[in-house]
Each structure stands twice: as structure tokens, then as C-alpha cells.
Amino acid sequence: MARQPTLLAMAVYTSRNRTDASPNRASESKSEFFERIAGPFWDQVRDVINEWWSHLPDHAQSGLRSRLLDRNSDTNVFSALWELYLHEMLLGSGCTVELEPGIGTRGKNPDFLVTRDGKQFVVEAIWTTQRLGDPGTILPPHLNDAIDSVPSPNFFVSCEIEKTGSATPPQKRLKSELMRWLADLDPDRVIAEHERDVPLPKYTWQEAGWCLSFEAIPRSPGKRGDPTSRTIGIYPAMDWLDNDSERVFDAVKRKGGKYGDLELPFIVAVGHAAAFPEDEDIETALYGSSVEYSHAGAPTFGRRPDGYWTATYNHAHGRVSGVLIVDNPAPWTWAKRTPVLWQSPDPSSPPVTALPTWATAQLVGIQVEHQSAAHPTHTALGLSEHWPIGEAFPRHHQSNPA
């Protein structure tokens, strides 16, 4: 079970009557969403964040609270949540934690000095997120919200951007035209025709230099009738500006040399926000990309010296003992995702022991060997296995008129 929240003179989120249970709007910051969203699921999230925040030293609470409530940077909010999660996991694993200790040879302070069973190690947190490429492939937030607010109990829509204008088009006319188009469609008829290979209904909207194309996708009969559900079911395809292995490599490189010689085992903890996280990307970033070549007519496998620890040009990377990775950490995944400690193969790296709730990965020859965690993650966090309990966005059922 989640730890019961204490009565705080000040907290991150205040206790008040919240009534808006609609999903995160595109034009709404994550800070505004967490503060606004109503429902028991989200009350649990706010209570636990308040509780974990109260476990921070007094001198650290104000700064982290400001970051959690930052309406101008979602990255700032999620990086603060990542640090809060790490701090609570360390405490729940029987560690004592000192924040921003004055160690290292470069006059900068890492996030945590951790002591457990008489041994010490340093943890530095970093949050990474994929960057989007061409902004012309992304619906502007207010336009996205306008389409999503069109009542469409019988259909989802897919949306493609054919052409972008220089200014946001009139949203009122777009909404009214989409509403009329969808209202004229019969979902059962569309399904029956689609089964006979008739294309799904399409609609093209043009105004103010914009051209958007829509396709109506019938909702299954059991999921119709909720006017509050999102209308957009398939968003425009997005281009990513970078790949996961490069982002992880750059994040570890940025933090790995920041503090100079620490004379202690050093872990870089990466909150890895990615659309499609894969272990192979982490392997490439840390241990080098795999390669196949022919030797005496037979295929042979190896690794290029282009990983963080296997690169031949920078032996200072041995300062990092391990890289702790959690894929897409967020309040709704905290109790479910297992952290993985990727261990340095460099013999000059100070060894570090994984906590019981961490899985491990290590390079043996050219293969990566994985070891499961001894205990589930939620046990170190004071949470139940399936926390938060309930549905994030319960479906609203409307009674049918007699």
C-alpha cells in the first residue's frame, strides 16, 4: 500500500475540490495537468508526490517544488519527478542520502551521496527526451485541442497535415464543419462497407493556408456514446530529430565527466523517455554497436569501439561505474518499471553493487548478460504492486433516454 500522506504546512499540491477529469490537453503544461486533473487515481498521485517531497531535506524542498510546478517546461517537471523517485527509492532501499555533496575535483556538486551497509556511492540524475524534427508535421496545440473537443461518440478521426499556414486557422469553423461531417456518418454502415473493401470516409478541410485531411474510424459498439473521449485517434506522423542510443550516450558523457575525480563509485541515472525504448539502443550507447564480419568464410560477430565504455579514445569514461536506466518513468509507471543497472566493463571503474530492486546488465565478451532484480520495484517505494489503483480516465456512461 502507498504510504499515508503526512499533514504538511506546505505541500506541492493543495487539497481542494477538483472537478475536471478530462485528459491532458495539448495546450496544457504537465504542471497544470497534474494540478487540475480530478479523480481518485490522480489524488493518489498527488498524495504520494506530496509525501515523497516531504522526505527531502528542508533546504531542497523549495527548489524541487518550484520545478514540479513549472508551467513553462515539461522537461523541468519530469526531471524533478525523476529525482524525487530516485531519492525515495534510495531511502526505501535502506540508504542514507545526502543531497548535493561537496565532493569531486571540479567544484560542482552531484545530486546524491548514498551510504548503504557502510559503503558509499554517488548518483547523478539526468532526464532525456526525444526531440521532434520538422514542426510542420505537428498539430499546433490549440488546433489539436479544437479537434479533440469535437463531440464524436461514434468515431475517432485520423489527421494528416497536407499543408501548414503561417497562422493558426479559425478553430470555430473547423469544429463546426467536422461536427457536421461526423454527425452524417453511420458507424455500423461504415464498418459494413469497410468489410467490403470500401475506403473509410475522408474529409479535407482548407482555410488560412492550411490543408488538413481527416479519416473517420468507427468506434467499436461497446466504446461508443462517451462525448468526453478524445476525437483524434491517429495523429500526424512525426519525425524524430535524434535516436535513443545517441541520446543515452550524450547524456552519460555529459554527466560522466562533470565532477572530475570523485574517488567513489559513480552512477549516472538516466530517466529514458522514448517512444519505443529498446535494450539494443542502450547496449549500443554503452558497449558499442554490434557488427558481423566474415572470418575464414564463416560469420563472426563483434562490437565496434564506439560505446561509452568501449571507445578507445577516452579512458576517462572509466570514472562511471554504472548507468541506471528506467524507461519512461512517470507516476503511473513508478511501481511497475524495473530499473536496470548497466555495469561498466572497464577494469578501472570503481565497482558498485546493485540495490535489490535493480536488475543488472553487464558485458561478458561481446555478449550482454542480464540478471533480474531480487525484489520488485514497488517494495522500495512503499507502494502497492498495481499503484495507482483504478482507472486514470474512467469512461463516462450516459443513461439512454426512455
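Residues numbered from 1 in each chain as written. Predicted model: local features only at pLDDT ≥ 70, side-chain atom pairs only at ≥ 80, totals over all residues. Heavy atoms only, no water.

1. Observations regarding the pairing of strand β14 (residues 367-371)
Our working rule: Two strands make a pair as long as DSSP finds a minimum of two bridges between them. Think of it this way: any DSSP run of H or I at least four residues long counts as a helix, any run of E at least two long counts as a strand, and we number them from the N terminus.
Bridge count for strand β13 (residues 359-364) against β14 is 5 bridges, and the pairing is antiparallel. Each residue of the ladder has a partner; that of Val 364, found in β14, is Gln 367. Hairpin connection from β13 to β14: 2 residues lie between these consecutive antiparallel strands, with Gly 365 at a positive phi of about 70°.

2. Some words on the sheet that holds strand β7 (residues 232-234)
Put simply, the rule is: Axis definition: a line fitted to C-alpha atoms, limited for helices to the stretch in contact. Angles are taken between N-to-C directions and run from 0 to 180 degrees. Should any heavy atoms of two residues lie within 4.5 Å, those residues are considered in contact.
Taken in spatial order, the 4 strands make up an open sheet running β5-β6-β4-β7, and their pairing is mixed. Both edges of this open sheet fall to β5 (202-207) and β7, since each of them pairs with a single strand only. In this sheet, adjacent strand axes meet at a mean angle of 40° when their direction is disregarded. The pairing of strand β4 (residues 155-163) with β7 spans 2 bridges and is classified as parallel. Residue pairing for β7: Ser 158 is matched across the bridge by Ile 234. Packing against the sheet, helix α5 (residues 141-148) makes contact with β4, β6 (210-218) and β7, and its axis sits at approximately 35° to β6. Along the sheet, helix α6 (residues 171-183) makes contact with β4, β5 and β6, crossing β5 at roughly 160°.

3. What about the pattern of salt bridges?
Which entries qualify depends on this criterion: Salt bridge, as used here, is a side-chain nitrogen of Lys or Arg placed within 4 Å of a carboxyl oxygen of Asp or Glu. With a 1.4 Å probe rolled over the protein chains alone, any residue whose accessible area is under 20% of its type maximum counts as buried; one over 50% counts as exposed, and the rest are partly exposed.
Scanning the model with the defined rule gives 19 salt bridges in all. A salt bridge links Asp 117 to Arg 116; the shortest N-O distance between them is 3.5 Å. By relative accessible area, Asp 117 is classed as exposed at 67%. Residue Arg 116 is classed as partly exposed on the basis of its relative accessible area, which comes to 23%. Connected through salt bridges with shared partners, the residues Asp 20, Arg 25, Glu 28 and Arg 36 form a single ionic network.

4. Here's the deal with the sheet that holds strand β8 (residues 266-273)
With mixed pairing, 8 strands are arranged side by side in an open sheet as β1-β2-β3-β8-β11-β12-β13-β14. A strand with exactly one partner marks an edge of an open sheet, and here the two such strands are β1 (96-99) and β14. Each adjacent strand pair in this sheet contributes to an overall mean axis angle of 25°, direction not counted. In terms of strand pairing, strand β11 (residues 322-327) meets strand β12 (residues 340-343) through 4 bridges, oriented antiparallel. Its bridge partner lying in β12, Gly 322 is registered against Gln 343.

5. Points about the packing of aromatic side chains
Heads up, the rule is: When two rings of Phe, Tyr or Trp (its six-membered ring) have centres within 6.5 Å they constitute a pair, described as stacked for plane angles under 30 degrees, edge-to-face for angles over 60, and tilted for the intermediate range. Two limits define a charge over a ring: the Lys NZ or Arg CZ must be within 6 Å of the ring centre, and within 35 degrees of the ring normal.
The tally for this structure, following the rule as stated, stands at 19 aromatic pairs. Aromatic side chains Phe 78 and Trp 127 sit 5.5 Å apart centroid to centroid with 10° between the ring planes, which places their arrangement in the stacked category. Taken together, the positions of Phe 78 in helix α4 (residues 74-92) and Trp 127 in strand β3 (residues 119-129) put the pair 49 residues apart, joining distant regions of the chain. Judged by centre distance (6.1 Å) and plane angle (50°), the rings of Tyr 287 and Trp 342 are tilted. You can see Tyr 287 sitting in helix α9 (residues 279-287) and its partner Trp 342 sitting in strand β12, a full 55 residues away along the chain. Accessibility classification places Tyr 287 together with Trp 342 in one group, the buried group. The ring centre of Phe 33 lies 6.0 Å from the NZ or CZ of Lys 30, which sits over that ring. Stacked on the ring of Phe 156, the Lys or Arg Arg 219 has its end atom at 3.9 Å from the ring centre.

6. Regarding the pairing of β6
Taken across its 9 residues, β6 has 7 buried, putting it largely inside the fold. As paired elements, β4 and β6 share 8 bridges and run antiparallel to each other. Note that in β6 the partner of Ser 158 across the bridge is Glu 215. Of the strand pairs in this sheet, β5 and β6 are connected by 6 bridges, and their pairing is antiparallel.

7. A look at unusual backbone geometry
Residue Pro 388 follows Trp 387 across a cis peptide bond; omega there is -5°. Along the chain, Pro 388 turns up in the segment after α10 (378-381). The phi dihedral of Glu 100 is positive, around 50°, even though this residue is not glycine. In the Ramachandran plot, Asn 328 falls in the positive-phi region, its phi being about 50° despite a non-glycine side chain.

8. Concerning the layout of surface pockets
Let me state the cut-off plainly: Definitions used throughout: a 1 Å grid over protein atoms alone; a cavity as a set of points that fits a 1.4 Å probe which cannot get out; a pocket as an open set with protein on both sides within 12 Å along at least five of seven lines; a lining residue as one with an atom within 4 Å of a point. Grid points are joined across faces, edges and corners, and a volume is the space filled by probe spheres set on the points. Under this grouping Gly is polar, as are all residues other than the nonpolar Ala, Val, Leu, Ile, Met, Phe, Trp, Tyr, Cys and Pro and the charged Asp, Glu, Lys and Arg.
Each pocket or cavity is described by its volume, and for the second largest pocket that value is around 710 Å³. Taken together, 32 residues line the second largest pocket, and the ones lying closest to its centre are Glu 83, Ala 125, Ile 126, Trp 127 and Lys 255. Looking at the lining of the second largest pocket, the elements that each hand over two or more residues are α3 (58-68), α4, β3 and α8 (244-256). In terms of residue class, the lining of the second largest pocket is built from 12 nonpolar, 7 polar and 13 charged.

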